[in-house]
Amino acid sequence: MIRAIIADDEPLSIELMKKRLADIGVEIIGAYTDAYTLISDLKNISFNTAFLDIQMPGISGMDLAALIHEENPTVQVVFVTAHRDYAIQAFELETTDYLLKPVLKERLNKTINRIHERLEEEHLSESMDHSTLPSLEIRCFKQLSLSFNGEPVLWKSAKIKELFAFFLMHLDTPIHRDLLIDKLWENHDYKKAKIHLHTCISYIRKMLESFHPNHTLSFAGQHYTLHLEQAWCDAVVFEHMPTVVSSKNIDTIERNILLYNGEYLEEEGYEWARVKANELSGKFISTLYSLADYYEQEHLDTKYITVLQKILQFNPYSESAVVRLMKVYIRLGMRADALHLYESFKQSLCEDLGIFPEKETSQIYTLLKQGDL
């Protein structure tokens, strides 16, 4: 059950929120018009959700949220404010939602549903037997790294690391011995390369067996196959992430999209990984666009802006993202941001590619500059 507190310096706003929340079954633990009173009560009250006004006398809702999370990091924070200006900052604080006054009943219901989903996820996590969780963690985005029971795994040689990465990319798939030699020892004498391969294989097998008895690197019919019984890999999780965004999987997609913090094995320089890297990069960008469509449809302006900005972070020449971001800026009255975005985009296109923005994009800028938008 949701147990909530409310903090707002406007008594009428508090009464309205209390009524709305009570009507949908939320238990109100406390309501505060003074942030300092709430702070003094933090250790004495038990709640899992906080509805906070941002602009409060003495201490802002942003700072209040930080203090609440210091006391209990699992509390779901929802900002309720009459100002759009703090939307980006609020989202960066990983808040559950951002509601604009006056809060509509339908919009509040969506927030409550999201809180319920997150609380259920936390309950499932707490009830799990953590002794059964994978102890081998593998990360492939940006660079390859392994950790076992929280301790980083050190590689005996760069070639052993590369060979393991090649097996990992073909997890549970048989790979012919000669293909391994061709990809990793291309310019070596075949007999010497075969010896190097066997030496690396022996080391990897011993390493895997020390992690878990069912981690295997088997050999049959001139083919090697890597099988990992208990392991977590960011690329595997990302690859199996749903591509169609809906209210049922939005939390999963939002969580898994954060795994992508750089291209697949980007810093390792493995040419054989380029195709896989391009596939995952394409999925990342297409998923961001799907998220943008979902946020736009659901009128989640804060997240819509953030995901468009993320698209431009990874693809600064995406004109469609620029146009969409300009339009939402204009709709929200953020005219200066829209103008600056276009000017920066135009400069990058001219200096880096020697081209200019499309006519539609330039027309939006011209109309905005003239005050016609």
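Before any of the text, the structure's been laid out above.
Predicted, not measured: the structure shown is a model, and the values here were computed from it. (Residues numbered from 1 in each chain as written. Predicted model: local features only at pLDDT ≥ 70, side-chain atom pairs only at ≥ 80, totals over all residues. Heavy atoms only, no water.)

## Considering the sheet that holds strand β1 (residues 3-7)
- Taken in spatial order, the 5 strands make up an open sheet running β2-β1-β3-β4-β5, and their pairing is parallel. Looking along the sheet, the strands with just one partner apiece sit at the ends: β2 (27-32) and β5 (97-100). Taking each pair of neighbouring strands and ignoring which way they run, the sheet shows an average axis angle of 20°.
- With 5 bridges joining them, β1 and β2 adopt parallel strand pairing. Residue pairing for β2: Ala7 is matched across the bridge by Tyr32.
- Taken strand by strand, helix α1 (residues 11-23) contacts β1, β2, β3 (49-52) and β4 (76-81), and its axis lies near 175° from that of β2. (Pairing = 2+ DSSP bridges. Helix = DSSP H or I, 4+ residues; strand = E, 2+ residues; numbered from the N terminus. Axes fitted to C-alpha atoms, helices over the stretch in contact; angles between N-to-C directions. Contact = heavy atoms within 4.5 Å.)

## Considerations on unusual backbone geometry
- The residue after Lys101, namely Pro102, is reached through a cis peptide bond having omega -10°.
- Structurally, the position occupied by Pro102 is in the loop between β5 and α5 (105-127).
- With phi around 80°, Lys142 is a residue other than glycine that occupies positive phi space.
- Along the chain, the position of Lys142 falls in the loop between β6 (136-139) and β7 (145-148).
- The backbone phi angle of Leu265 is positive, close to 55°, even though this residue is not glycine.
- Note that Leu265 resides in the loop between α10 (250-257) and α11 (274-297).
- Exposure remark for Leu265: the relative accessible area of 3% places this residue in the buried category. (Buried < 20%, exposed > 50% of the residue type's maximum accessible area, 1.4 Å probe, protein only.)

## Observations concerning the pattern of salt bridges
- Applying the stated rule across the entire model yields 19 salt bridges.
- Of the charged contacts in the structure, one is a salt bridge between Lys110 and Glu298, with a shortest N-O distance of 2.6 Å. One end of the pair, Lys110, is in helix α5; the other, Glu298, is in the loop between α11 and α12 (301-314), and 188 residues separate them in sequence.
- Here Lys303 and Glu254 are joined by a salt bridge, their closest N and O atoms 3.1 Å apart. You can see Lys303 sitting in helix α12 and its partner Glu254 sitting in helix α10, a full 49 residues away along the chain.
- Residue classification places Lys303 among the buried positions, given a relative accessible area of 8%. (Salt bridge = Lys/Arg side-chain N within 4 Å of Asp/Glu carboxyl O.)

## Some details on the state of the cysteines
- Overall, the coordinates contain 0 disulfides when judged by the stated rule.
- In this structure Cys140 is not part of a disulfide, and its nearest cysteine sulfur, from Cys233, lies 3.8 Å away.
- On the accessibility criterion, Cys140 (1% relative accessible area) is buried. (Disulfide = S-S within 2.5 Å.)

## Side note on helix α8 (residues 190-211)
- When the terminal C-alpha atoms of α8 are compared, their 32 Å separation across 22 residues agrees well with the 32 Å that a helix rising 1.5 Å per residue should span.
- Those residues of α8 that are buried lie in contact with β6, β7, α6 (158-169), α7 (177-184), β10 (216-220) and β11 (223-227). (Expected span 1.5 Å × (residues − 1).)

## Regarding helix α3 (residues 61-71)
- Turning to α3, its buried residues are Gly61, Met62, Leu64, Ala65 and Ile68. Relative to the axis of α3, the buried residues are bounded by an arc of 160° and lie together on one face. (Arc of directions from axis to C-beta.)

## Focus: the side chain of Thr361
- Looking at the secondary structure, you find Thr361 in helix α15 (residues 359-370).
- When its relative accessible area of 1% is taken as the criterion, Thr361 is described as buried.
- In contact with Thr361, not counting residues within four places along its chain, are Glu319, Val322, Val323, Met326 and Tyr342.

## Comments concerning the nonpolar core
- Ile138 and Phe164 are the most contacted members of the largest nonpolar core, which totals 81 residues.
- Per-element accounting of this core gives the leading share, 9 residues, to α11.
- Those residues in contact with Phe164, other than ones at most four positions away along the chain, are Ile138, Leu144, Leu146, Trp155, Ile204, Met207, Leu208 and Leu226.
- In this structure, Ala7, Leu38, Phe47 and Val77 belong to the second largest nonpolar core, which totals 20 residues. (Core = buried A, V, L, I, M, F, W, Y, C linked by side-chain atoms within 4.5 Å.)

## So, the environment of Val237
- Summarising the element assignment, Val237 is placed in helix α9 (residues 234-239).
- Val237 sits in the partly exposed class, given a relative accessible area of 26%.
- Sequence spacing of Val237 and Ser147 is 90 residues, and the spatial spacing of their C-alpha atoms is 17 Å.

## With respect to the sheet that holds strand β8 (residues 151-152)
- Read from one edge of the open sheet, 4 strands run β8-β7-β6-β12, paired in mixed fashion. In the strand order of this sheet, the two ends are held by β8 and β12 (231-233), each with one partner.

## What about the pairing of β1?
- Of all the 5 residues making up β1, 4 are buried; the element is thus mostly covered by neighbouring parts of the structure.
- Between the parallel elements β1 and β2, the chain passes through α1 in a crossover that is right-handed. (Right-handed = clockwise from strand over helix to strand, strands pointing away.)

## Remarks on the pairing of β3
- Alternating residues of β3 divide into Thr49 and Phe51 and Ala50 and Leu52, and every residue in both groups is buried.
- Of the crossover connections in this fold, the one passing from β3 over α3 to the parallel β4 is right-handed.

## Some points on the packing of aromatic side chains
- Applying the stated criterion across every chain yields a total of 14 aromatic pairs.
- With a centroid separation of 4.9 Å and an interplanar angle of 50°, the aromatic rings of Phe141 and Tyr260 are classed as tilted. Of this pair, Phe141 sits in the loop between β6 and β7 while Tyr260 sits in the loop between α10 and α11, and the two are 119 residues apart along the sequence.
- Given a relative accessible area of 4%, Phe141 falls into the buried group.
- Note on Trp155 and Phe164: the rings are 5.6 Å apart at their centroids and 45° apart in plane angle, and the pair reads as tilted.
- Every member of this aromatic cluster is reached through a ring pair, and the members are Phe141, Phe238, Tyr260, Phe284 and Phe314. (Phe/Tyr/Trp six-rings, centres within 6.5 Å; stacked < 30°, edge-to-face > 60°.)

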